[in-house]
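Understanding the architecture of this molecule
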Amino acid sequence: MSAIGASLARIEGIEKVTGAADYAYETTAEQETLYGWVVQSSIVTGRILDIGVDAVLALPGVVEVVTWRNAPHLEDTGDGELNVLQHAIISYRGQPVAVVIAETLETAREAANVLEVSYSAGESDVLMSPDHLRLYAPDKVNPAFETDSVIGEVDVALADAVTSIDHSYSTPALFNNPMEPHATTAEWQGGRLELVDSTQGSSVTAEQIGALFGIPGEAVHVRAEHVGGGFGSKGSPRPNVPLAAIAAKITGRRVKLAYTRQMMSSLAGYRTPTVSRMRLGADADGRLTAISHEAFSQTSTLFEFAEQTAEATRHMYAAPNRRTTHRLVALDVPTPRWMRAPGECPGMYALESAMDELAAAAGIDPIELRRRNEPERDPELDVPYSSRDLIGCMERGAELFGWAERDPRPAAHIDGRWAIGTGMAASTYPAMAQPSGAVVTAMPDGRYRLGINATDIGTGSRTVMRQIAADALDVEPEAIDIRIADSNLPKASVAGGSSGTASWGWAVTKACRELRISLQTGMTIPPDGITVTATTDAEIAAQEELSRHAFGAQFVEVRVDLDSGEVVVPRMVGVFAAGRIMNPRLARSQFIGAMTMGLGMALHEVGELDTVLGDYANHDFATYHIPACADVKDIRVEWLDEEDTHLSPMGGKGIGEIGIVGAAAAVANAVAHATGIRVRDLPIQPDKLIADLPARF
Amino acid sequence: MKPFEYERADDVAGAVATLERDPDAKYLAGGTNLVDLMRLRVETPSRLVDVNRLDLGGIVVEADGAVRIGAAVRNSDLAADPVIRERYPVLSRALLSAASGQLRNMASVGGNLLQRTRCVYFMDSSKPCNKREPGSGCPAIVGVSRELAILGASEHCIATHPGDMAVALTALDAIVHFETAAGPDSLPMSGFHRLPGDDPSRDTNLPPGALITSVEVPPLSFGGRSTYRKARDRRSYAFALASVAAALDVEDGIIRDLRIAVGAVSHKPWRATVAEELLRGSPATPDRFEAAIRAELDIARPTEQNAFKIPLVTRLVVGVLDELAHP
Ligand SMILES: Cc1cc2nc3c(=O)[nH]c(=O)nc-3n(C[C@H](O)[C@H](O)[C@H](O)COP(=O)(O)OP(=O)(O)OC[C@H]3O[C@@H](n4cnc5c(N)ncnc54)[C@H](O)[C@@H]3O)c2cc1C
């Protein structure tokens, strides 16, 4: 029987739920360790004039205060966020200005609280808008897509369209809030740096931190045995890593440093606010003649991050005339970075809302509209899809949801206090794979040792890698001892872009297959085993040019309280076509988790900007709302059997992110159906509905 | 957290005497608000006087029909109490709409009454706030104010009392009993919390160092016909955007008597006396309800961000009164 496809439980599940699993902040004996606490800027831009270091050093238990005056020199690696404590200039409110190091956590925190920092503040600009005077076109958008793409005559086609819409949709700043905030334990051993870090990729952390300290990546040893989530915010090092390393260097001791929940909004990387101006034109049959998606977002002055908001629009629907553009403004804000499905998530909220508005304007069912605009080939790249089953997902979803009974009229279904509506949206996410290496050893006792520098950020990748190896070796998963998340292992890609399973699994498969060939030659196994190491650079470079994407369809019912404008979502259905599913139990929780996060984006989450004080004012879980259990009712997930032979040898497309894509649009479309009110600025909170709700009495 | 002394009080007189001697000391009940604020350096008491061992528990029905609730009674116990559920469902529902199960298990009646505002500027000690640091300014007025006051605010402060229990107690005309060095005393709920005026640092009219000992809820013949509704940004574990506590006595479609209090709109739970006055003796119809609450909100002065609270409170009050009129 194949191990791939089995609903195996997480290998480390018991360790995690019993608290035995050690996370980055928990891995060392307390008495040997010092505690670092970050002091953050309370101005937006300007200079530090002075820091009252002496008063704090005089406090009992305080060991050191690191500021720009005594911090070791860091090399310029192109990411200004990582060049912490190098000078007195402040680039955003919340930027690190010092690290206080003490014998206990409590002492460090209190000393950081009383540390006096004086500043001279400058002018600042923190508000993104689509008519900002300093908008510019970046060279590329994340990670390396074209900034603009124009095919045909969009404006002519829009002018000639039988039905057209022209609306702007916005998403607010959203914060990455994995359960485990960023944390690092750092210690220097001679010229080598030992890090236990909450990271999504120990290889990339070792390289980047090495470059920062002017030492080779091999001199930095990074371990990340257990990681409590990331969503992309741990996909590359954030200031916590250099701050901990600096603190360890200056004290010559082992130092632990973690963010508080409040620090996450400024120091972890967040989803940029976005504005998408969508213009769609269609002929009398509802066939799109033009698609225009102009996207606007922000970056910081320290590092350019350009959200690829309009990228998904390039591959979704057929239309002869198409235009996608990205404009950026560099503001005095923390750097926005990756957050689950960067680009696709805000962009598809806009496109799928616009499609719903077009469907209403044209009087066509939303599923039918999408069916009529199904492309034969990728309309932008002009290559075939490796596989594409959006229609299958919509059909199965419609069946599960009961879409056929839907009355399309808005605000037509009122039940006492409640306005009831339904909506749907499509999902998509690219299927990617990056080169990685794996090492596997056959031991004389019949067991196998697998080393793959994967990181398990709670998804279950440790378990899935063992399943993949079991099939490639044709043994039971229990015969394999697996080691992950250690930069001493062969280099591997990050747990990001929904590509971990494909990238690491490919290397694991190759190494295991090669090992089997070695074993078949009939040699006896020496005491330390037979080891094979494999990398997939060649295989990945040799992939034929195809459009590789997963697709999905989401259906949502909402009930809107006519007395309060509160939105309840009694049920969501998601159907996905994402290639082969490696482990149904783990996959289901990825889909459900991402759909829940999409629900939060639709209804709850918003960084509330204070344009005067220059930061997002709500930065704890009492004021930045993510869904509570009471918000998440019935979420039903299915996937279609999809065989795609143009992917990795395992045939999976990646499932970590697609569930959040389209979820917010499906909710917004359902709210529009329930109430007749189209909210184009997320989140859909009572204040956006209350004044315009249908009368109750 | 600023280092502090800790002591456990053995009797009420001793506790009160300690705060008399050390005005920077504070009582510690469940700690669910105070300890958070100490971590954030919003509160920096010199000393904590733990009142959890004092004999301040119990829910007792008095001879005159009033219910006396000890200050130490936990929110979850109060919400589940059969007498409360039967006579004052509004109070039980208000409590259950608040915080989470875990927090309600810790939170006390006394601590709940004295919970501080959730204004994001008050909670962030790196920012100005007239309530936390008198004279430093109020960034909320031009800043993030979506959740803040529309009634009775001042140019110095637009914070709200964020709690739910106090809104129900205000509708029920409850009385807060406390002990000071000068002896026992009491305040009606209507005069317990105060408007910010030019001294936002004070949330209530409770004398400094006073120890709340109990809350007395007078009998209300139509208390059984009461309810609480709370509008919020998610379905649980969120403070109110606005809430309504109401009780209604209707006969033959005519309102004989009623109580309305509105939460999360002011520095104090807002007793809607104007609306009550207009509705007493009037037909129990949605248009009357709406006219009455509109009159009440006539003096509202919202910010751009919280202007939505006017239609929100209007619709909530009409919906709640209609529900009570047609049980
Ligand atoms: C995440 C979160 C969500 C919440 N959500 C809600 C909500 O939705 N609605 C809501 O209403 N509340 C909510 N709360 C607040 C909660 O109700 C209060 O924290 C709780 O009621 C306070 O009670 P306590 O006993 O823990 O008080 P403590 O924290 O111990 O004390 C609070 C204050 O009261 C003083 N004090 C305590 N007892 C006495 C006494 N007997 N006499 C005089 N002074 C006293 C203390 O000195 C202190 O100043 C929430 C709290 C949290 C942390």
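Residues numbered from 1 in each chain as written. Chains lettered and ligands numbered in written order. Predicted model: local features only at pLDDT ≥ 70, side-chain atom pairs only at ≥ 80, totals over all residues. Heavy atoms only, no water.

Let's talk about the overall build of chain B
Regarding its fold elements, chain B presents 11 helices and 12 strands. Relative to the globule expectation of 20 Å for 327 residues, the C-alpha radius of gyration of chain B, 19 Å, shows essentially globular dimensions. Referenced to the eigenvectors of the C-alpha coordinate spread, the extents of chain B come out at roughly 60 × 50 × 35 Å. Of all 327 residues assigned to chain B, the portion counted as buried reaches 59%. Within chain B, contacts between residues separated by at least 24 positions form 63% of all contacts whose residues are at least 6 apart in sequence. Split by element, the accessible area of chain B, about 12700 Å² in all, is 50% carbon and sulfur. Across chain B, the mean location of the 38 positive side-chain charges is 5 Å away from that of the 42 negative side-chain charges. (Helix = DSSP H or I, 4+ residues; strand = E, 2+ residues; numbered from the N terminus. Rg over C-alpha atoms; globule rule 2.2 N^0.38 Å. Buried < 20%, exposed > 50% of the residue type's maximum accessible area, 1.4 Å probe, protein only. Contact = heavy atoms within 4.5 Å. Areas by Shrake-Rupley, 256 points an atom, 1.4 Å probe, with all protein chains shown as cover. Lys, Arg positive; Asp, Glu negative; His and termini not counted. Charge placed at Lys NZ, Arg CZ, Asp CG, Glu CD.)

So, the overall build of chain A
From N to C terminus, chain A includes 17 helices and 30 strands. Taken against the 2.2 N^0.38 rule, which gives 26 Å for 697 residues, the C-alpha radius of gyration of chain A at 26 Å falls within 12% of a compact globule. By the burial criterion, 63% of the 697 residues in chain A qualify as buried. For chain A, contacts bridging at least 24 residues in sequence account for 81% of all contacts bridging at least 6. Accessible surface computed for chain A: about 24300 Å², of which carbon and sulfur atoms make up 51%. If you average the places of the 58 positive and of the 92 negative side-chain charges in chain A, the two averages end up 2 Å apart.

Some words on the sheet that holds strand E12 (residues 270-271) of chain B
All names here are of chain B. In spatial order, the strands read E9-E10-E11-E12; together these four strands make up an open sheet with antiparallel pairing. With one partner strand each, in any of the chains shown, strand E9 (226-232) and E12 form the two edges of the open sheet. One ladder, built from nine bridges, connects strand E10 (residues 240-251) with strand E11 (residues 254-263); its direction is antiparallel. Among the inter-strand pairings, Ala-247 is bridged to a residue of E11, identified as Arg-259. Sitting on the sheet, helix H5 (residues 89-96) is in contact with E9 and E10, with an inclination near 25° to E9. The strands touched by helix H11 (residues 309-325) are E9, E10 and E11; relative to E10, the strand with the most contacts, the crossing angle is about 30°. (Pairing = 2+ DSSP bridges. Axes fitted to C-alpha atoms, helices over the stretch in contact; angles between N-to-C directions.)

Thoughts on the UniProt feature "domain: FAD-binding PCMH-type" (unreviewed entry) in chain B
UniProt marks residues 1-222 of chain B with the feature "domain: FAD-binding PCMH-type" (unreviewed entry), using the numbering shown here. Between the end C-alpha atoms of residues 1-222 of chain B the distance is 47 Å, and the span holds 24% helix and 17% strand. (UniProt positions renumbered as here; feature names shortened; annotations may be inferred.)

Here's the deal with the site of the ligand
Residues and elements named next belong to chain B. As a matter of local geometry, the ligand sits amid 30 residues, with Tyr-27, Gly-31, Thr-32, Ser-108 and Asp-164 nearest to it. Here an oxygen atom of the ligand and a backbone polar atom of Ala-29 are 2.9 Å apart. The separation between an oxygen atom of the ligand and a polar main-chain atom of Gly-31 is 2.7 Å. In isolation the ligand offers 970 Å² of accessible surface; the protein chains occlude 95% of this area. (Near = heavy atom within 4 Å. Polar contact = N/O pair within 3.5 Å; in protein donor to acceptor, adjacent residues only side chain to side chain.)

Looking at the domain arrangement of chain B
How big an interface is tends to be reported as the loss of accessible area on association of its parts. Residues and elements named next belong to chain B. Here chain B is described as being made up of domain 1 (1-225) and domain 2 (233-325). Taken over both partners, the interface formed by domain 1 and domain 2 buries close to 3500 Å², and the fraction arising from carbon and sulfur atoms is 58%. Three residues, Ile-150, Leu-151 and Arg-225, lead the burial of domain 1 against domain 2; their summed loss comes to 25% of the area buried on that side. In this assembly, domain 1 and domain 2 are joined by three salt bridges. A salt bridge links Arg-271 to Asp-173, with the nearest nitrogen and oxygen atoms 2.6 Å apart. Joining domain 1 to domain 2, the criterion identifies 24 residue pairs in polar contact (both at pLDDT 80 or more). Looking at the side of domain 1 that touches domain 2 element by element, the count peaks at five residues for helix H8 (residues 165-171). Tallied by class, the residues present in the side of domain 1 that touches domain 2 amount to 22 nonpolar, 10 polar and 10 charged. (Domains from an automatic or database assignment. Buried area = accessible area lost by both parts, 1.4 Å probe. Salt bridge = Lys/Arg side-chain N within 4 Å of Asp/Glu carboxyl O. Nonpolar A, V, L, I, M, F, W, Y, C, P; charged D, E, K, R; others polar.)

Focus on the pattern of salt bridges
All told, the structure shown has 71 salt bridges over all chains when counted by the stated rule. We note a salt bridge from A:Arg271 to A:Glu307, for which the minimum N-O separation is 4.0 Å. Residue A:Arg271 is located in strand E16 (residues 270-271), and its partner A:Glu307 is located in the loop between strand E18 (288-300) and helix H8 (313-316); the two are separated by 36 residues in the primary sequence. For the residue pair A:Arg271 and A:Glu307, the accessibility class agrees, reading buried in each case. A salt bridge links B:Glu323 to B:Arg229; the shortest N-O distance between them is 2.8 Å. Of this pair, B:Glu323 sits in helix H11 while B:Arg229 is found in strand E9, placing the two residues 94 residues apart along the sequence. By relative accessible area, B:Glu323 is classed as partly exposed at 34%. Judged by relative accessible area, which is 10%, B:Arg229 ranks as buried. Look at the salt bridges and you will find they share partners, linking A:Arg417, A:Asp561, A:Asp563, A:Arg696, B:Arg229, B:Asp322 and B:Glu323 into a network.

Observations regarding the side chain of A:Glu608
Residue position: A:Glu608 is located in the loop between helix H15 (584-603) and strand E28 (609-610). B:Arg146 is the oppositely charged side chain nearest to the buried, salt-bridge-free A:Glu608, at an N-O distance of 4.9 Å. Once you skip the residues sitting within four places of it in the chain, A:Glu608 turns out to touch A:Asp615, A:Tyr616, A:Ala617, A:Asn618, B:Val144, B:Arg146 and B:Gln305.

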